[in-house]
Amino acid sequence: MISRRLLLSLPAVALFATPLAARAAEPLPIVASFSILGDLVSQIAGPTAAVKVLVGPDGDAHVYQPSPADAKAVAGAKLIFLNGLGFEGWMNRLLKSSGTKGKAITVTQGVTPRAAGKDGHGHGAIDPHAWQDVGNVRAMVNNIAAALADADPAQAEGYNARAAAYRAELDRLDAEIKAQMGALTPAQRRVITSHDAFGYYGRAYDVSFHAPQGMNTDSEASAKDVARLISQIRKEKIKAVFVENISDPRLTQQLATEAGAVIGGALYSDALSPASGPATTYLTMMRHNTKMLVAGMAQN
Ligand code: ZN
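Each chain has its residues counted from 1, following the order in which its sequence is written. In keeping with the model being predicted, local features are shown solely for residues with a pLDDT of at least 70 and side-chain atom pairs are shown and tallied solely at 80 or more, while totals for entire chains, interfaces and linings include all residues. Excluded from the side-chain calculations are hydrogens and water; all other atoms, namely the structure's heavy atoms, are used.

### Points about the coordination of the zinc ion
Spelled out, the test is: Note that water is not among the atoms considered, so a metal site may appear incomplete; the donors listed are N, O and S atoms within 2.8 Å of the metal, with 3.2 Å applied to Na, K and Ca. Under the classification used here, a metal with four donors is tetrahedral if each angle lies between 85 and 135 degrees, square planar if opposite donors are over 155 degrees apart and the others between 65 and 115, a six-donor metal meeting that same test is octahedral, and anything else is irregular. Each helix is a run of H or I in the DSSP string that is no shorter than four residues. Each strand is a run of E no shorter than two, and both are numbered from the N terminus.
Here the zinc ion is held by the protein donor atoms H62 (NE2), H129 (NE2), H195 (NE2) and D270 (OD), which lie 1.9 to 2.1 Å from it. For the zinc ion, the 4 donor atoms in the first shell make angles of 94 to 124° at the metal, so the coordination geometry reads as tetrahedral. Each donor residue of the zinc ion belongs to the same chain, and together they define the spacing H-x66-H-x65-H-x74-D. Here H129 is found in the loop between β6 (126–127) and α7 (134–151), whereas its partner D270 is found in the loop between β10 (263–267) and α12 (282–297), with 141 residues between them in sequence.

Right, here's the structure in full:
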């Protein structure tokens, strides 16, 4: 893209010589609700797209409070991408209060939602963490590409081509995860995490996850839940105990200490890592999590 400053510094004759199509290709103003979705949208929208992410790396979208700057970004956006399935409880109010004329796109449209298990505390009967199953992300990418092409038909070919290339990446990732899981026996495939965010992953890749904290991080784990998990870790000798990047590590540390287990490191459940971390994109996040999980479960 030619920046505004560069454009202004060009002689008038060069400016008028610029083909109309090139000048018309201003990037679409786009908002994505959280970092993982921001990466998916950026992959399909292309390198020149201006994607503003509301809940950034290591951020918790369950309990987020939008800022005035967020309202301004939403007001100016042509497309606002959100996960849906009850993940961004603050989004409807933000859309309304911003007065945006942009279109809100729920990317999980058409994904088969997973019901929250009996451990799903309080509100939230649906598990929102659909992106933890690579198969769901295929559908999400299709929805993203369709929304972009609809809003910006002139660039539809590029959006569709990038979506096709990304789906091929997703297929490779999915096969890789399944191959790595294949090294474990069914009995080894048990994991403790602090926040119940890996239900879709568990369903797709045949891993049984247990968590003291429910689907929504705004609900506290009860003492009873924690005691139940400690006895389960002891009884089943589960060594694979993890904490998510968005969670308070103290609860998991307490669990691990009392049950005689060791924490296997951070999993990225609801947000990417900052630039210096190991999970700066969806693809690297899934590879990182799988590596940690397989190493942890190998000790079970
Ligand atoms: Zn979550």
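### What about the nonpolar core?
If you look at soluble globular proteins, the nonpolar side chains tend to sit buried side by side. The following threshold applies: Side-chain atoms within 4.5 Å are what join buried Ala, Val, Leu, Ile, Met, Phe, Trp, Tyr and Cys residues into a set we call a nonpolar core. Using a 1.4 Å probe on the protein chains alone, a residue whose accessible area is under 20% of its type maximum counts as buried, one over 50% counts as exposed, and one in between counts as partly exposed. Residue contacts are defined here by distance: any two heavy atoms, one from each residue, within 4.5 Å place the two residues in contact.
Judged by nonpolar contacts, the single largest core of 70 residues is most densely connected at F81, L148, Y201 and Y282. Looking at this core element by element, the count peaks at 9 residues for α7. For F81, the residues in contact, after removing those within four places along its chain, are I30, V31, A32, S33, L37, V41, I105, V107, I144, A147 and L148. Counting 11 residues, the second-largest nonpolar core is a separate cluster that includes I238, L255, A256 and A259.

### Things to note about the confidence of the model for the protein
We count it as follows: How sure the predictor is of each residue is captured by pLDDT, a score from 0 to 100.
In the predicted model, the protein carries a mean pLDDT of 88, and the fraction of residues at 70 or more is 89%. Within the model, pLDDT remains below 50 along residues 6–18, and this stretch shows 4 contacts once partners closer than five positions in the same chain are excluded. Confidence over residues 119–123 falls short of pLDDT 50; this stretch has 10 contacts with residues more than four positions distant or in other chains.

### Focus: unusual backbone geometry
Most peptide bonds take the trans configuration, and most residues that are not glycine carry a negative phi. Even without a glycine there, the phi angle at D58 is positive, about 60°. Checked against the element boundaries, D58 lands in the loop between β2 (50–55) and α5 (68–76). A residue is classified by how much of its surface remains accessible, and D58, at 36% relative accessible area, is partly exposed. Of note in the backbone geometry, L85 takes a positive phi value of approximately 55° without being a glycine. On the secondary structure map, L85 appears in the loop between β3 (79–82) and α6 (91–98). Residue classification places L85 among the partly exposed positions, given a relative accessible area of 23%.

### What to know about the pairing of strand β9 (residues 241–244)
Look at any regular strand and the pattern is simple: side chains alternate between the two faces of the sheet. Spelled out, the test is: Only strands that DSSP links by at least two bridges are regarded as paired with each other. A crossover counts as right-handed when, viewed with the strands pointing away from the observer, the path leading from the first strand over the helix to the second turns clockwise.
Alternating residues of β9 divide into V241 and V243 and F242 and E244, and every residue in both groups is buried. Pairing of β9 with β10, which is carried by 3 bridges, proceeds in the parallel orientation. Along β10, the bridge assignment pairs E244 with L267. Crossover handedness for the path β9 to helix α11 (residues 249–259) to β10: right-handed.

### What about the packing of aromatic side chains?
What counts, and what does not: Any pair of Phe, Tyr and Trp rings, taking the six-membered ring for Trp, is counted once the centres come within 6.5 Å. Such a pair is stacked with planes under 30 degrees apart, edge-to-face with planes over 60 apart, and tilted for the rest.
Evaluated as defined, the whole model comprises 8 aromatic pairs. Centre to centre, the rings of F198 and Y201 are 6.4 Å apart; their planes meet at 85°, and the pair counts as edge-to-face. According to the relative accessible area criterion, F198 is buried, its value standing at 1%. Through a chain of ring-to-ring contacts, the aromatic side chains of F198, Y201, Y205 and F209 assemble into a single cluster.

### With respect to the sheet that holds β3
Defined as follows: Helix axes use the C-alpha atoms of the stretch in contact, all axes being lines fitted to C-alpha atoms, and the angles between their N-to-C directions lie in the range 0 to 180 degrees.
In spatial order, the strands read β2-β1-β3-β4; together these 4 strands make up an open sheet with parallel pairing. Each edge of the open sheet is held by one strand with a lone partner, namely β2 and β4 (103–106). On average, each strand axis in the sheet is tilted by 25° relative to the strand beside it, whichever way the strands run. Pairing of strand β1 (residues 29–34) with β3, which is carried by 3 bridges, proceeds in the parallel orientation. The partner of A32 across the bridge, within β3, is F81. Strands β1, β2, β3 and β4 of the sheet are contacted by α6, whose axis makes an angle of about 170° with β3.

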